[in-house]
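Coordinate inspection notes
The residues making up each chain are set out below.
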Amino acid sequence: MDVRSQISMVFHLDKCIGCHTCSVACKNIWTDRKGAEYMWWNNVETKPGTGYPGKWENQDIYKGGWEEDGNGGIRLKGAGKPKSLSNIFHNPHMPSIDDYYEPFTYKYLDLIEAEAGDIQPTARPVSMITGEPMDIQMGPNWDDDLSGTPDYARKDPNLEDLSEAEQEAMFQLERMAFFYLPRICNHCLNAACVASCPSGAIYKRGEDGVVLINQDVCRGWRMCVTACPYKKSYYNWDTGKSEKCILCYPRLESGYAPACMHSCVGRIRYLGVILYDADRIEEAASADESELVERQLDMLLDPFDPEVIAAAKENGVADSTIESAQNSPTYKFVKEWDLALPLHPEFRTLPMLFYVPPLLPVMASVADANDNAQREKIHDIGKKWPDEWVYDTSIDQLFGTIDDARFPLEYMASLFSAGDVEAVKSRLEKLMAIRLHRRRETVGDVDSATVDKALKKAGLTGQRANAIYYLTSLAKFDDRFVIPPAHREQAIEMLDEDVGATKGETGFGFKRGTNKRGA
Amino acid sequence: MNWFDTFSLVLFPYAAVAVFVIGMAYRYRQRGFTVTSLSSQFLEGRSLFWAVVPFHIGILVVLFGHLLAFLVPDAILAWNAVPVRLMILEGMALIFGLATLVGIAGLMYRRFTNERVRAVTTKMDVLLEVVLLAQVGFGVWIAVGYRWGSSWFASDLTPYLWSLVAFSPEATAAAAMPLVVKLHILGAFLLLFLVPFTRLAHVFVAPLHYIVRPYQQVIWNWNRKKIRDPRSGTSVSGRRR
Ligand code: SF4
Ligand code: SF4
């Protein structure tokens, strides 16, 4: 057992309101530079939709991630030793800037400096690459909220496995649904970007698992852009170096949550340490597609198990990190409660960002909203809304609809479990059971036996349901982000730096040795 | 030997190598951020293919040929002793030389006609491409006009180059060469001279070590096992908070 610690993340999709605050926070801190304008280390997509860059999930186009090599192992799909080296002059699978969008701004100055005249001056869009006027073809979040549109939603690669009828049902106007999918780098355990880099510039930090690109070592061979199946490694066209999400490591090291998480309006984001067994990476990454999720979850270790603790200590994992792992909200969501799933596990990078699948678009049903018995129960305020807006919350309807969902479970399974519908369903049932349980506790209009049955089916106790409810809905900042101390002090001592000097140089005290007594 | 010969065949080569070694070492160690291929494929990829691939493959093969003539001149001469083999060698050299020429011309055309690529073009890029174009052009001209280069390079120029290496320059043979050959020699050292100041630096960081390294790379910022001996220090309990 080779125990390592990883800072992992959970995004609770039911809570995301699609406000893009996270994206803007990240942009303002990290990518507001020449060559990086088009990069959104954090972006929020509308699903169904094609995403950013367009159709990034379709690896027939982008050739990202790993694939089975036919001998029980795996190999990089579009990069790797033979391909990265032979395609080094021209990478045939490299996306171009038009797959993202050409960054633009407007000539605002024209508005102010235009001569007085009869015609209103306009601010024309200009390319941020060439500075020339341009016709905007695409921009960040171009398909925001555009579920049902032929150009975007219907071209979602996840629809491939759905039957014609299922697809049509999804896009019937009055049944239309969508949800938001915020994405950042997953800081994978079997990172394709790391494996594809010919220069060896990309690495995973041992202490916390953050995947970084050494900007001094990157030579612009741009294989990581192809290899990352999530398209989260970006090429800076100005500096000729690739860049990616750094999980705000300077903030993490000082005990702050990453900017996207800190600013998240919906409070959908959780961050915490998970201990894992690095010996099992290869085995988990090359598992049969049907077992991928299970094997990945198996790798994650119980931080309370004395054996795991001993092995972690043996490996130099700090005590404070082990303690963080024990209080980690992500461990709870992913392992203890079995509520979260990785995005596209079939890419085999073992992503360490997990998603609680969204229940709402699955459930929300307007078909029976005119049911009068149901309407009677609605609060007066609720009645002011037009009938069609009211979600049907009758119990049978709620629980029954998971199977009969207007948002086919196959679609969710294609996103979060490599097609395993049961894995998604069991998690949605849990979420539903918790809702029923909380409704019993707060509104009290639900038949207790039904709730108990639902809890039992979902494998939950009332207590656990409350704990999940707490972390989902009420959790405070410190519950959502459990950040292990970075122990910079040990690093400084370890590097044989003069502690006094370092203290002085970092702004505490003076750079001066201590006086010897009598000297 | 006149002043031009002395300068281009003796002085400049030494200056160029010195600038290259010192400049590149400094840039690699202190300015690692600037060492990159500066690929513009991301901005324009389609027409790039038809220029960049012939250019790189061509120039690598041709460079390798020059290197062989420099390192093992006797083997080249022995090979060339049979006319058919000589024709094959020279034919290959010309084909790859032409590929390089077409490639660099295509790259320049693309650089000047594509708006986006022009936006990321620096003065040094233009200078470098002009020098490269001239250098490759001279090379092809020599291959066509002064046969058979592989033989006279190995017999006449290799001793001259080795005399430079041995710090006892003997350039009379080189000075007797036609002007275009001298320009080709000058161009070669000029390119070396330019390495520390241009994107040419990427040639010297070709990622060959990738072949032997394991796919995954994990780096610890400090020696974790030394710093945290599990038998010392505080312990963490298995209790839940
Ligand atoms: S998501 Fe992509 S960039 Fe991030 S670690 Fe995984 S493979 Fe690398
Ligand atoms: S800030 Fe939070 S709620 Fe808003 S879009 Fe981002 S993830 Fe969703």
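None of the values given here were measured: they were computed from a predicted structure. (Residues numbered from 1 in each chain as written. Chains lettered and ligands numbered in written order. Predicted model: local features only at pLDDT ≥ 70, side-chain atom pairs only at ≥ 80, totals over all residues. Heavy atoms only, no water.)

One pass over the full model with this rule turns up 28 salt bridges over all chains. Arg116 of chain B is the partner of Glu102 of chain A in a salt bridge, and the nearest nitrogen-oxygen pair spans 2.7 Å. Of this pair, Glu102 of chain A sits in the loop between helix H4 (97-100) and strand E5 (104-106) while Arg116 of chain B sits in helix H5 (residues 115-119), on two different chains. The burial state of Glu102 of chain A is the same as that of Arg116 of chain B; both residues are buried. For Glu129 of chain B, the salt bridge identified is with Arg111 of chain B, shortest N-O distance 3.2 Å. In this pair, Glu129 of chain B is assigned in helix H6 (residues 123-145) and Arg111 of chain B in helix H4 (residues 83-113), connecting sequence segments 18 residues apart. Through salt bridges with shared partners, one network takes in Arg111, Asp125, Glu129 and Arg199 of chain B. (Salt bridge = Lys/Arg side-chain N within 4 Å of Asp/Glu carboxyl O. Helix = DSSP H or I, 4+ residues; strand = E, 2+ residues; numbered from the N terminus. Buried < 20%, exposed > 50% of the residue type's maximum accessible area, 1.4 Å probe, protein only.)

To continue, consider the interface of chain A and chain B. Taken together, the 72 residues of chain A in the interface contact 57 residues of chain B. Summing both sides of the interface, chain A and chain B together bury roughly 5700 Å²; the carbon and sulfur share of this comes to 57%. Run the count over chain A and chain B and you get two salt bridges. Measuring nitrogen to oxygen at the nearest pair gives 2.8 Å for the salt bridge that ties Arg116 of chain B to Asp98 of chain A. The interface formed by chain A and chain B includes 31 residue pairs in polar contact (both at pLDDT 80 or more). Residue assignment for the side of chain A that touches chain B shows that the elements contributing at least two residues are helix H3 (81-86), H4, helix H7 (192-196), strand E8 (202-205), helix H13 (306-314), helix H14 (319-326) and helix H25 (488-494) of chain A. Its residues assigned to classes, the side of chain A that touches chain B shows 33 nonpolar, 21 polar and 18 charged. Alignment of E8 of chain A against strand E1 (residues 218-219) of chain B, held across two bridges, turns out to be parallel. Paired with Arg205 of chain A across the bridge in E1 of chain B is Ile219 of chain B. (Contact = heavy atoms within 4.5 Å. Buried area = accessible area lost by both parts, 1.4 Å probe. Polar contact = N/O pair within 3.5 Å; in protein donor to acceptor, adjacent residues only side chain to side chain. Nonpolar A, V, L, I, M, F, W, Y, C, P; charged D, E, K, R; others polar. Pairing = 2+ DSSP bridges.)

Another aspect to go through is the site of ligand 1. Cys185, Asn186, His187, Cys188, Ala191, Ala192, Cys193, Val211, Cys228, Tyr230 and Lys244 of chain A make up every residue found near ligand 1. Looking at the shell around ligand 1 residue by residue, the classes come out as eight nonpolar, two polar and one charged. (Near = heavy atom within 4 Å.)

Attention now moves to the sheet that holds strand E9 (residues 211-213) of chain A. Taken in spatial order, the three strands of this open sheet run E9(A)-E8(A)-E1(B), and their pairing is mixed. With one partner strand each, in any of the chains shown, E9 of chain A together with E1 of chain B form the two edges of the open sheet. The pairing of E8 of chain A with E9 of chain A spans three bridges and is antiparallel. For Ile202 of chain A, the partnering residue across the bridge sits in E9 of chain A and is Ile213 of chain A.

The subject of this paragraph is the site of ligand 2. In the vicinity of ligand 2 there are 14 residues, among which Cys16, Cys19, His20, Cys22 and Cys264 of chain A approach most closely. Residues that form the shell around ligand 2 fall into these classes: nine nonpolar, four polar and one charged.

Here we take up the domain arrangement of chain A. Residue and element names in this part refer to chain A. Taken domain by domain, chain A comprises domain 1 (102-136), domain 2 (274-342) and domain 3 (359-478). Residue-level contacts link 13 residues of domain 2 with 14 residues of domain 3. Roughly 1200 Å² of surface becomes buried between domain 2 and domain 3 when both sides are summed, with 65% attributable to carbon and sulfur atoms. The largest contributions to the domain 2 side of the interface with domain 3 come from Trp337, Leu339 and Leu341, which together make up 52% of the buried area. If you look at where domain 2 meets domain 3, you find two salt bridges. Between Glu336 and Arg464 there is a salt bridge, with the nearest N and O atoms lying 4.0 Å from each other. Run the count over domain 2 and domain 3 and you get three residue pairs in polar contact (both at pLDDT 80 or more). Elements with a contribution of two residues or more to the side of domain 2 that touches domain 3: helix H12 (292-299), helix H15 (329-336) and strand E13 (341-342). (Domains from an automatic or database assignment.)

Residue and element names in this part refer to chain B. Of all residues in chain B, 94% attain a pLDDT of 70 or more, and the chain-wide mean is 92. Note on residues 233-241: pLDDT is under 50 here. Beyond four places in sequence and across chains, it has 21 contacts. Model confidence for the complex: the whole-complex pTM is 0.89, and ipTM, which rates the interface, is 0.90. (pLDDT = per-residue confidence, 0-100.)

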